[in-house]
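# Per-entry structural report
One letter stands for each residue in the lines below.
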Amino acid sequence: MTTILVLNGPNLSRLGSREPDVYGSTTWEQLVESLNAAAAPAETISVRQTNDESELIGWLHEALDARAEVILNPAAFTHYSYALRDAVAMLTGAGLSVVEVHISNPHAREEFRHTSVISGVATGVIAGFGVQSYHLALAAVRSRR
Ligand code: DQA
């Protein structure tokens, strides 16, 4: 059984009502349902969201210990959390896939979003395809097994 943790940072639980012009109208609940439905027979997909940096880092440690694959939308932590970067580096350094995803294309937005402190240690980055970015990330982690 392969476990994929789909980890989400601050404010993503408000998907659907949060800036729909930027993030679309799919709700958080619909996203979780679509990802759970996408699990292959030998896969467990666990979708989680937190507004708390420490909790997110704890989940990355859990992924490391369980040798789980990770799809990570760090949300605003993308742009400044060196602690999250260091946690991601432990996973990719141990040969585990960590795909950074973004619903929007941060490079087409405000200047502060152009920097990701995560991308340099992630396996790869998928951004700008709306909630479809998560499904593309699923294909990406599977392609690396
Ligand atoms: C985001 C982009 C970030 O800049 C922003 O802070 C988010 C969401 C995205 O999925 O497009 O919260 O990660």
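Right above here is the structure, for reference.
Think of each chain on its own: its residues are numbered from 1, step by step along the sequence as written. Reporting of local features is limited, given that this is a predicted model, to residues whose pLDDT is at least 70; pairs of side-chain atoms are given and counted only at 80 or more, and all residues count toward the totals for whole chains, interfaces and linings. The side-chain numbers reported here are obtained from all heavy atoms of the structure, hydrogens and water having been left aside.

### Quick notes on the overall build of the protein
Selection rule: Elements are defined by DSSP. Helices are runs of H or I of four residues or more, strands are runs of E of two residues or more, and each kind is numbered from the N terminus. Each radius of gyration is computed over the set of C-alpha atoms, and the globule rule expresses the reference value as 2.2 Å times the number of residues to the power 0.38. Each residue is placed in one exposure class: buried if its accessible area under a 1.4 Å probe, protein chains only, is under 20% of its type's maximum, exposed if it is over 50%, and partly exposed if it falls in between. A contact between two residues is defined here by any heavy atoms of the two lying within 4.5 Å.
Regarding its fold elements, the protein presents 5 helices and 5 strands. For the protein, the α and β elements follow one another from N to C terminus as β-α-α-β-α-β-α-β-β-α. Over its C-alpha atoms the protein spans a radius of gyration of 14 Å, differing by no more than 12% from the 15 Å that the globule rule assigns to 145 residues. Overall, the C-alpha framework of the protein stretches about 40 × 35 × 25 Å when taken along its three principal axes. When each of the 145 residues of the protein is scored for burial, the buried share is 46%. Counting contacts in the protein only where the partners sit at least 6 residues apart, residues at least 24 apart contribute 77% of the total.

### Here's the deal with helix 5 (residues 132-143)
Heads up, the condition is: One fewer than the residue count of a helix, multiplied by 1.5 Å, yields its expected span. The reported arc concerns the directions from the helix axis to the C-beta atoms and nothing else.
In this model helix 5 runs 17 Å from its N-terminal to its C-terminal C-alpha over 12 residues, within 8% of the 16 Å that 1.5 Å per residue would give. Those residues of helix 5 that sit buried are S133, Y134, A137, L138 and V141. Seen end-on, helix 5 carries its buried residues on one side only, within an arc spanning 150°. Where helix 5 is buried, its residues contact strand 1 (2-8), helix 2 (28-37), strand 2 (43-49), strand 3 (69-73), strand 4 (98-102) and strand 5 (124-127).

### Digging into the environment of M90
In this structure, M90 sits in helix 4 (residues 82-93). What makes M90 partly exposed here is its relative accessible area of 40%. Distance in space between the C-alpha atoms of M90 and L64 is 7.6 Å, their sequence separation being 26 residues. Those residues within four positions of M90 in sequence are excluded, and the remaining contacts are H61 and L64.

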